[in-house]
Amino acid sequence: MARASCGRLSRLGLVLLALLGGALAQAQCTPGPSTSVLKLKGFATAYFGQLRTDTANDAAELYGGVCLQGEGTAWTLRAERVGLHGLTGALEVSADGPTLSFEGWQAHAATLSSTSRLLSLSGVSLSGHGVVGAADALTLDLTSGRLQLSALTLHGAAFYVSGSDATLDGDHLSVQAPSITSCHCTGSPLYHVDGVSAQVDLKAQRIVLNDGVLFFAGVPVPLASPLSVDASSLAKLTLPVSVSYVATDATTGTVGTGLGVLLTHLGLAPGLFAQLGATGLDPAYPLAGVALLDGHANGAAFSFGTASGGLHFELTSDHALAPWLDAGFDSRVLEDGMRDGLHESVLHARLHTPLRPVGGAGALTLFAAASTQQPSSGEIAGARLGAAASLRAATTAGAPWGRASVHLGANLSEYPDQGASQWGVEVEPGYALQVGPLSVHLGYLAQFTNGGSPFTTTLDRLEPVQRPSATLALAARPAPDWRLASNVAVQYDLVGNSNVDAGLNQLDASLSITRSLPGWQVTASGEAQLAGVISPNGVRDGTLEAGLTAMHDGLELGTRVRYRTAPTPTGLELVELSAAVPIHMPNLTVTPYLALNLAPTLAAGVLPAVSGHGLDVTLRTCCGVLKLGYRDEEGSWTVTTALVLPTAPAPSGSQAGAPCPASGPPAMLSVAAGPAPVCPTPDGTTGIMTGAALPP
Amino acid sequence: MRRFAGAPAAREHGVLLALTTLLIAGAALGAGAPFAALTVTPAGAQSYNLTTGVTTLADGGTVVDGDTGVKLHAATITYVDGVYIDAKGASVVGSFGTLKADVVHIDIKAGVMTASGTLSLKRDALSVTAAAVRYDANDEVVDFKGPVTGTAPDFRADRVLLDALSGDVLLLGNYRFSEGPLVLEAPKGGGRLELVFHRVHGAPVYDASTQVAPPLLARFSTELR
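Residues numbered from 1 in each chain as written. Chains lettered and ligands numbered in written order. Predicted model: local features only at pLDDT ≥ 70, side-chain atom pairs only at ≥ 80, totals over all residues. Heavy atoms only, no water.

**Considerations on the environment of A:S535**
Residue and element names in this part refer to chain A.
- Within the secondary structure, S535 is located in the loop between α3 (531-534) and β38 (542-552).
- C-alpha of S535 to C-alpha of G503: the two residues are 32 residues apart in sequence and 7.0 Å apart in space.
- Setting aside its immediate chain neighbours within four residues, S535 contacts L504 and R540. (Helix = DSSP H or I, 4+ residues; strand = E, 2+ residues; numbered from the N terminus. Contact = heavy atoms within 4.5 Å.)

**Observations regarding the packing of aromatic side chains**
Residues and elements named next belong to chain A.
- Per the stated rule, a full pass over the model turns up 5 aromatic pairs over all chains.
- On the basis of an interplanar angle of 70° and a centroid distance of 6.3 Å, the ring pair of F304 and F313 is categorised as edge-to-face.
- For F304, a relative accessible area of 45% puts it in the partly exposed group.
- Look at F313 and you get partly exposed, because its relative accessible area is 24%.
- Above the face of the Y63 ring, R52 is positioned so that its terminal group lies 4.4 Å from the ring centre.
- The ring of Y593 has R631 sitting right over it, with the charged end atom 3.8 Å from the ring centre. (Phe/Tyr/Trp six-rings, centres within 6.5 Å; stacked < 30°, edge-to-face > 60°. Buried < 20%, exposed > 50% of the residue type's maximum accessible area, 1.4 Å probe, protein only. Lys NZ or Arg CZ within 6 Å of the ring centre and 35° of its normal.)

**Remarks on the pairing of strand β25 (residues 300-307) of chain A**
Residue and element names in this part refer to chain A.
- Here 7 bridges tie strand β24 (residues 288-297) to β25, and the two strands are oriented antiparallel to one another. Bridging from a neighbouring strand, A297 pairs with A300 of β25.
- The antiparallel hairpin formed by β24 and β25 contains 2 residues in its connecting segment, where N298 sits at a positive phi of about 50°.
- One ladder, built from 8 bridges, connects β25 with strand β26 (residues 310-322); its direction is antiparallel. Note on β26: the bridge partner recorded for A301 is T316.
- Counted between consecutive antiparallel strands, the loop separating β25 from β26 contains 2 residues, among which S308 sits at a positive phi close to 50°. (Pairing = 2+ DSSP bridges.)

**Focus on the nonpolar core**
- Counting residues in each nonpolar core, the largest one holds 111 residues, and the members touching the most others are A:L68, A:W75 and A:L84.
- Take this core: its biggest share by element is 5 residues, from strand β4 (residues 75-85) of chain A.
- Two domains each donate at least three residues to this core, and these are domain 1 (1-123) and domain 2 (127-132 + 139-225) of chain B.
- For A:L84, the contacting residues outside a window of four places in its chain are A:L38, A:L40, A:D58, A:A59, A:A60, A:L62, A:L91, A:E92, A:V93 and B:L182.
- B:L161, B:L170, B:V212 and B:L216 belong to the second largest nonpolar core, which has 7 residues in total. (Core = buried A, V, L, I, M, F, W, Y, C linked by side-chain atoms within 4.5 Å. Domains from an automatic or database assignment.)

**Brief notes about the pattern of salt bridges**
Residues and elements named next belong to chain A.
- One pass over the structure, following the stated rule, counts 22 salt bridges over all chains.
- Linking D326 and R350 is a salt bridge whose minimum nitrogen-to-oxygen distance equals 3.9 Å. Note that D326 is positioned in strand β27 (residues 325-334) and R350 in strand β28 (residues 342-355), a separation of 24 residues in sequence.
- We classify D326 as partly exposed; its relative accessible area is 24%.
- The partner of R562 in a salt bridge is E573, with the nearest N and O atoms 2.5 Å apart. Taken together, the residues R562 in strand β39 (residues 555-566) and E573 in strand β40 (residues 571-580) connect sequence positions 11 residues apart.
- For R562, a relative accessible area of 10% corresponds to the buried category.
- The partly exposed category is assigned to E573, whose relative accessible area is 28%.
- One continuous salt-bridge network, built from bridges that share partners, spans D541, E545, R560, R562, R564, E573, E576 and E634. (Salt bridge = Lys/Arg side-chain N within 4 Å of Asp/Glu carboxyl O.)

**Comments concerning the interface of chain B and chain A**
- Taken together, the contact pairs 19 residues of chain B with 24 residues of chain A.
- With both sides pooled, the region where chain B packs onto chain A buries about 1,800 Å², and carbon together with sulfur makes up 55% of that total.
- Looking only at chain B, the three residues that lose the most surface to chain A are B:P181, B:L182 and B:V183, adding up to 30% of its buried area.
- Our count for the contact surface shared by chain B and chain A stands at 1 salt bridge.
- Across the pair B:E185 and A:K39 runs a salt bridge whose closest N-O atoms are separated by 3.9 Å.
- Taken together, the connections running from chain B to chain A amount to 11 residue pairs in polar contact (both at pLDDT 80 or more).
- When residues of the side of chain B that touches chain A are traced back to their parent elements, those giving at least two are β17 (182-185) and β19 (203-209) of chain B. (Buried area = accessible area lost by both parts, 1.4 Å probe. Polar contact = N/O pair within 3.5 Å; in protein donor to acceptor, adjacent residues only side chain to side chain.)

**Re a nonpolar patch on the surface**
Residue and element names in this part refer to chain A.
- A contiguous nonpolar patch, built from L268, L293, F302, F304 and L311 and spanning about 420 Å² of accessible area, is present on the exposed surface.
- With respect to the helices, strands and loops of the structure, L293 is situated in strand β24.
- On the basis of relative accessibility, which here comes to 30%, the residue L293 falls in the partly exposed class. (Patch = residues over 30% accessible without salt bridge, like charges linked within 9 Å, V, L, I, M, F, W, Y side chains within 5 Å. Areas by Shrake-Rupley, 256 points an atom, 1.4 Å probe, with all protein chains shown as cover.)

**Topic: the confidence of the model for chain B**
Residue and element names in this part refer to chain B.
- Averaged over all residues, the pLDDT of chain B equals 82, while 85% of them reach at least 70.
- Within chain B, the lowest mean pLDDT, 43, falls on strand β1 (residues 3-4), and the highest, 94, falls on strand β9 (residues 97-107).
- A low-confidence stretch, residues 1-31 (pLDDT under 50), is modelled with 75 contacts involving residues beyond four sequence positions or located in other chains.
- Both scores are given for the predicted complex: the pTM is 0.55, the ipTM 0.78. (pLDDT = per-residue confidence, 0-100.)

See the structure below:
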């Protein structure tokens, strides 16, 4: 399989020079006062300055600027000198430094060695159809008009593609063993995508790659096939790095794993991948390694290894038996603590149908499972048999009066080994309205159940919930250099359960105002958590916080003050000064971040405490700008990995890619958000970004 | 010096010569000059006009130049001793090859032969037809005037010069030259194509070149002036 070799790309720089050099030797392809005309029957018409024949060697030579114009096929070849051999037999043509023009292509070659039916050029630099490139050899079949290239490298508007062989058919190029990258490097590119074959639409500047594998820093990552790559779809290439943060969920009792970084989808073999990394990288959670072997084939997938300190095994097999019926088998061993040591195998069938008149869908699921759990209270084991029905309906989106929705669910489970049963009914109506910059969401979650499951809530035990909630959000730009954002959220539990107390569990309000000044951006913000003030229970937060942040070209200065009223200890909790100062070096910018809490100093005269730290590294490479960074702000982690791709310098006459805004910030793509246009930035780059904003 | 060889039959008012006659050319034609040593052999009757000095070989005959080796054979020959020879239905053999023409005129004083009418010239690897030809025996250059057509090699030209000594040829003006799959046409407005005679494994051939060698241009300098 060919690899994108940036070494060969250096030849591209010679293309224009070579073509220019070729042009200097060109003869007019029309008769003229100093141009003789030679017709080579069945091959071409030659326009040239001088000719001499060599009958003894059955040869002739055209020189002084030669232009050959093909018979039948629209090709033109120019050279300073052309040799003709086999005049009385099979004609052969040779030339040094010829330039071939064919259907919009210009190919300058080191040598030409051809017959009357096949033009063969070697050491080729070519341009046309919006690309420039190089190839070890080019052959043009004069009978069929088919052009073939070997060991080629093409440079389009947004990418480089190389391959072992290629065939041109109209404005479609089929490439064998292609390797694609957007890196413009003199060494090995940071990443490239290899495939078995690719079709290049020269008109649309699009590459469709079959069986592609992304190699990022040498690490193989299989990609979807076929993969369409153009200026806007390079964003489909995702970095093989996953950053996650799983916090302990107080409402469900799920134990978190903290900050995790994984190298994902490391291709071992077709359909077989590995994930390597670690969780608990932050001090709040235990450090644990992750080593998982993943595979998939024919609707089945498995994952086996260790994660979060325990054995991890999952096998899922789902099959669509009919458009309205799926069936499958799942088996899992999750000893990582998140599911209370779950061992389980499940057979399930799901009937489903869209309900278009009500804008929703309905489903009925039947299952039979054998499960064991090992919570701290002791092992639970037994069979589970059950059925679950769900119905979703909603009014049309975008209506001026808003959108109403409802989710209805009911389930019934039997536990024959324990002689228990559980039923549950869930009703969740909702309403959303958007009026200009103001959006409102009202919701209510009602869950009725007997809570009869012998297993824990991390598996299937249900608890009663009666929870109204409301959110009011405002996002406005009152003036071109002013931005205003405000949010109010309230949640009230009418009944309590094992995870939450009854009462007001959330009443938060926030406001931020941002002013853009020349070179600076200043944000003032305030936030209040009032649930702990209005309805204290020893857990709910009651805080008032105000902050001011100023940013200028990577420099970030900030201050925050927070006063806590609940739970205890109350008082001035945070008086923070923070700064992020970029340190610029050639091709590298390092921005350390440090936040100090002066509240302990003010209260007790002790040294300030570190309330936040972080580091951003921006590395500018020939493949784009690689950004890596983390920030811990009072245990709230943010991790960013981003690759801002360069847009390869577009060859003359190249066509533009997908439409992009005429101006504005560089488009970045969040992996979770799916494909989106990738547009040139003011400095000629396009962006791909992965990242995670991680809750504490 | 001129040698004269005639048939024994007497005709009209001419002088009958029964035996081969040797004629001495005029003193003005110095020894070594072209057409200075002619031997005339009548094929039949010949007549001599005493008033004009014109000799007519009504049955034709042969004229040979002892110096250049040029041999003229014609159906009818009229000549004035030391001045000119006119021939019809003539075949002339010399260093330039074999020339056949309806009409041949030899200017003995100038050493120039011209021919016209149906006209062809053949020699090694060269076969040419033309509207007119002029052979200067002094520099041994044949000048074909157009349209000139060659069948071996295959060419057409407005004008063709032949070096009778080397066999080299120069096509001039609007020419067309064919060899194998090659069909060569002159630049717009005309040009020159050199056909150089040589032998390959004993076989006479011509090589073409649009870049005319300076020696050949010098050789044809008189004609190209």
